[in-house]
Amino acid sequence: MTQLQTQLADLRQQLNEHSYRYYVLDDPSLPDAEYDRLFRQLQELEAKHPELVTSDSPTQRVGSTPLSDFPSISHQVPMLSLGNVFDAEGLQAFVKRVERELADLGRAVIGEEGKEGEQLEFCCEPKLDGLAVSLLYQNGQLIQGVTRGDGQTGEGITENLKTLRSIPLSLRSADNQPLPELLEVRGEVYMPRSAFEAMNEQARLADEKTFANPRNAAAGSLRQLDSRITATRPLEFTAYQVAQISQDFAVKTHEKAMQALKNWGFKISPDLKVVKGYTGLQSFCDELAAKRDQLPYDIDGAVLKINDLRLQAELGFRAREPRWATSFKYPAQEEITRLLDVEFQVGRTGVVTPVARLAPVQVAGVTVANATLHNMDEIARLEVRFGDTVIIRRAGDVIPQIVRVVLEQRPTNTQSIIMPTSCPICDSHVERAEGEAAYRCTGGLYCPAQRKEAIKHFASRKAFDIEGLGVKLIDQLVDNELVKSPADLYKLKVEQLANLERMAEKSANNLLEALEVSKKTTLARFIYALGIREVGEATAANLARYFGQLETLKQASIEQLLEVDDVGPIVAQHIYAFFNEPHNLTTLDDLLAQGIHWPETQVRREDLPLTGQTWVLTGSMQSLTRDQAKEKLEALGAKVAGSVSKKTSQLVAGEAAGSKLTRAESLGVPVMDEQQLLELLASHTN
Ligand code: 5U1
């Protein structure tokens, strides 16, 4: 090999290794900027020496010349579908059936307590809601990628699939083990929910077509004849089955087969778990259902497979379904209902948002009666009218959305939805700022709706955390004109409060006490509580850390603001405008005059005891909440992250700590318990 060839191979190896660490091990080894730098270096060298470009080079993931059609390809092994069960009864029937069929084959599995079937092992994983594809590797190289199609014949979409960084172009060979001459891998292509939301938000801003759900977005992205378009779409692949392998595959279980795929460079489900018998299956399905909303992607159920590959082979298939597997289906995330009305809600910053009032319907286990319509552009794009039948979607912790109108069911003489010209709450003029999709009420704090939202934000947990000051009480305080600005909260008298609905003298006194307690705060919470546009909890903390004092922040120039982590030109402009509005300065003075205070921070960030360290919190703690622990650690200079990696300095494991603790232990990250954390915090107090 020439020196240049060695350099190219080395660059490719580093980039592939990073992709593997990133996608498969979920443990990035390079910062994004470094990856990009190495990638550009490889691109430049390959541009100068096109004869040295290899088909599995990471640069080949950008897509190639458009096709005129997708070739039709028959599957050597048919792509089957799965049977479904929907509840405990169905699950029990599935287990009973496989037990019986195994018994008929003379393969009854006897449990420890003598009960048949109890010890039968199943390998379980989430059923991703995407598109099944099949990948063929010859001598370790990806040579073909095909859609499921009708299960017998699919479409050849090799060029499109090659653009997905979680699909290895060539298999990794761990410990120089020989690679199989032929390997066919099946799995799901899908779009993570956050990437889907971001893509739709981009499309809304550009006035382009949005996708109804991540599955449609993934399907639309894979069906592009121009793979360069697919390359721009945030698609991922998770493998779930070895369909064919040329050599004697030494593994005996599905779980081990998945492990082999992982070693060859495929991402497999992090939630894959082997369980025993019906009770194990039921717990898996329940636990997965409980965390469904928190998963980063849509799932529509759990897939349950007999783990033993020999038993799988003996059971075989019935019609077009394997006898050894089933899927436990969860309730659908999309339902059909009717749009009864549209209400225009005014938010903290005056944005007037259309909210759909729907005929109540159960969606994925929750009754939904409202859905966001985002803004008037969205209403125009959906072409939705009063009385329309609509498809709504509720997935994750995102507010339910209307994704489509069922035009065939539109009643006659429907009315279109229009934005009111005056605020439905305070009657001030409603206007649309140049270049913005949103309409805003121009009433400012004159508008009771904006006032209520500003006070709710001020009192919220991450701001002043005023116990006992709930949403209903704030509504009453504003409606009775007892409170016009946050500072007025601190001027309330017990008699005024006791006269309100559902307020006795005791609760009034408790509230006054809570208000008194809240006066001692932190600069970060104070900044966050002000409700400056686009300044969330993290930005407020960064501003507090950077400026140290309110006075310095008040006088900061745009240039200084831009120096702060996370602050870009738009946010800087909002902060600058806030502190240059005389009315806001009066509000600040008024608040400080009520005795609100925080410890002065003279310490420079570099001098804090935990500066440069990354901490992770997991499990539950007895004497403080995670937010409180996070705040205290950040005050000592630590960065508090959500996931464990090799770079984590310390894991704090509370009760019932789970996968983060296991991961920390396997990576050799130091672990401490709640008591040790309290001792550490105490040692740094004063
Ligand atoms: N996770 C997963 N999804 N899924 C879909 N595993 C899995 N297995 C399947 C299908 C259709 O089929 C095999 C059991 C053949």
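Notes on the structure follow. (Residues numbered from 1 in each chain as written. Predicted model: local features only at pLDDT ≥ 70, side-chain atom pairs only at ≥ 80, totals over all residues. Heavy atoms only, no water.)

It is worth spelling out the overall build of the chain at this point. Along the backbone of the chain there are 25 helices and 24 strands. Taken against the 2.2 N^0.38 rule, which gives 26 Å for 686 residues, the C-alpha radius of gyration of the chain at 29 Å falls within 12% of a compact globule. Expressed as lengths along the three principal axes of its C-alpha atoms, the size of the chain is roughly 80 × 70 × 65 Å. Here the chain holds 686 residues, and the buried ones make up 47% of them. In the chain, the share of contacts with a sequence separation of at least 24, taken over all contacts with a separation of at least 6, comes to 66%. Here the chain contributes 76 positive and 95 negative side-chain charges, whose respective centroids are spaced 2 Å apart. (Helix = DSSP H or I, 4+ residues; strand = E, 2+ residues; numbered from the N terminus. Rg over C-alpha atoms; globule rule 2.2 N^0.38 Å. Buried < 20%, exposed > 50% of the residue type's maximum accessible area, 1.4 Å probe, protein only. Contact = heavy atoms within 4.5 Å. Lys, Arg positive; Asp, Glu negative; His and termini not counted. Charge placed at Lys NZ, Arg CZ, Asp CG, Glu CD.)

Another point: the pairing of strand E18 (residues 401-405). Counting buried positions along E18 gives four out of five residues, so the element sits mostly inside the fold. Judged from the four bridges that link them, strand E17 (residues 389-393) and E18 form a sheet pairing that is antiparallel. Within E18, the position partnered with Val390 by the bridge is Val405. (Pairing = 2+ DSSP bridges.)

In a beta sheet, neighbouring strands are held together by backbone hydrogen bonds and run either parallel or antiparallel to one another. Strand order in this open sheet of four strands is E5-E4-E7-E8, and the pairing throughout is antiparallel. Across the chains shown, the open sheet's two edge strands, defined by having one partner strand only, are strand E5 (141-147) and strand E8 (236-245). If you compare each strand with its neighbour and ignore which way they point, the axes differ by 25° on average. The pairing of strand E7 (residues 182-190) with E8 spans eight bridges and is classified as antiparallel. For Glu184, the partnering residue across the bridge sits in E8 and is Gln244. (Axes fitted to C-alpha atoms, helices over the stretch in contact; angles between N-to-C directions.)

Let's shift gears to the site of the ligand. Lining the immediate surroundings of the ligand are Leu80, Leu82, Glu125, Pro126, Tyr240, Gln241, Val303, Lys305, Trp324 and Ala325. Contact between the ligand and Glu125: a nitrogen atom at 3.2 Å from a side-chain N or O atom of the residue. With respect to the ligand, the backbone of Pro126 contributes an N or O atom lying 3.2 Å from a nitrogen atom. Protein burial of the ligand: of its 380 Å² of free accessible surface, 91% is covered by the chains. Of all the secondary-structure elements, those providing two or more residues to the shell around the ligand are strand E3 (121-128), E8 and strand E10 (299-306). (Near = heavy atom within 4 Å. Polar contact = N/O pair within 3.5 Å; in protein donor to acceptor, adjacent residues only side chain to side chain. Areas by Shrake-Rupley, 256 points an atom, 1.4 Å probe, with all protein chains shown as cover.)

Turning our eyes to something else, we now look at the environment of Met258. By secondary structure assignment, the location of Met258 is in helix H8 (residues 254-263). As a C-alpha pair, Met258 and Ala239 span 19 residues in sequence and 7.9 Å in three-dimensional space.

Before going further, it helps to examine the pattern of salt bridges. Enumeration over the complete set of coordinates arrives at 41 salt bridges. In this structure, the salt-bridge partner of Glu46 is Arg12, at a minimum N-O distance of 2.9 Å. In this pair, Glu46 sits in helix H2 (residues 32-48) while Arg12 sits in helix H1 (residues 3-24), placing the two residues 34 residues apart along the sequence. Just as Glu46 is buried, Arg12 falls in that class too. Across the salt bridge formed by Glu378 and Arg381, the nearest N and O atoms sit 3.2 Å from each other. Taken together, the positions of Glu378 and Arg381, both in helix H11 (residues 376-382) and three residues apart, correspond to about one turn of that helix. Accessibility expressed as a relative area gives 4% for Glu378, which makes it buried. (Salt bridge = Lys/Arg side-chain N within 4 Å of Asp/Glu carboxyl O.)

Taken in spatial order, the five strands of this open sheet run E2-E13-E10-E3-E9, and their pairing is mixed. Among the strands making up the open sheet, the edge pair consists of strand E2 (84-85) and strand E9 (273-276). Looking at chain direction, E10 and strand E13 (residues 325-329) are connected through five bridges and run antiparallel. Within the sheet, the bridge partner assigned to Ala302 lies in E13 and is Phe328. Along the sheet, helix H9 (residues 277-291) makes contact with E3, E9, E10 and E13, crossing E9 at roughly 140°.

This brings us to the nonpolar core. A general tendency of soluble globular proteins is for nonpolar side chains to be buried together. Core analysis: the biggest nonpolar cluster contains 51 residues, and Ile466, Leu489, Leu543 and Ile575 have the highest contact counts within it. Those residues within four positions of Ile575 in sequence are excluded, and the remaining contacts are Ile532, Val535, Leu543, Leu553, Leu561 and Val567. One finds Val133, Leu171, Ala195 and Ala218 within the second-largest nonpolar core, a separate group that totals 37 residues. (Core = buried A, V, L, I, M, F, W, Y, C linked by side-chain atoms within 4.5 Å.)

With that settled, the discussion passes to the side chain of Ser518. The topology assignment puts Ser518 in helix H16 (residues 505-518). A polar contact of 2.9 Å, which involves the side chain of Ser518, links it to the side chain of Tyr490. With residues up to four places along the chain from it excluded, the contact list for Ser518 reads Phe464, Ile466 and Tyr490.

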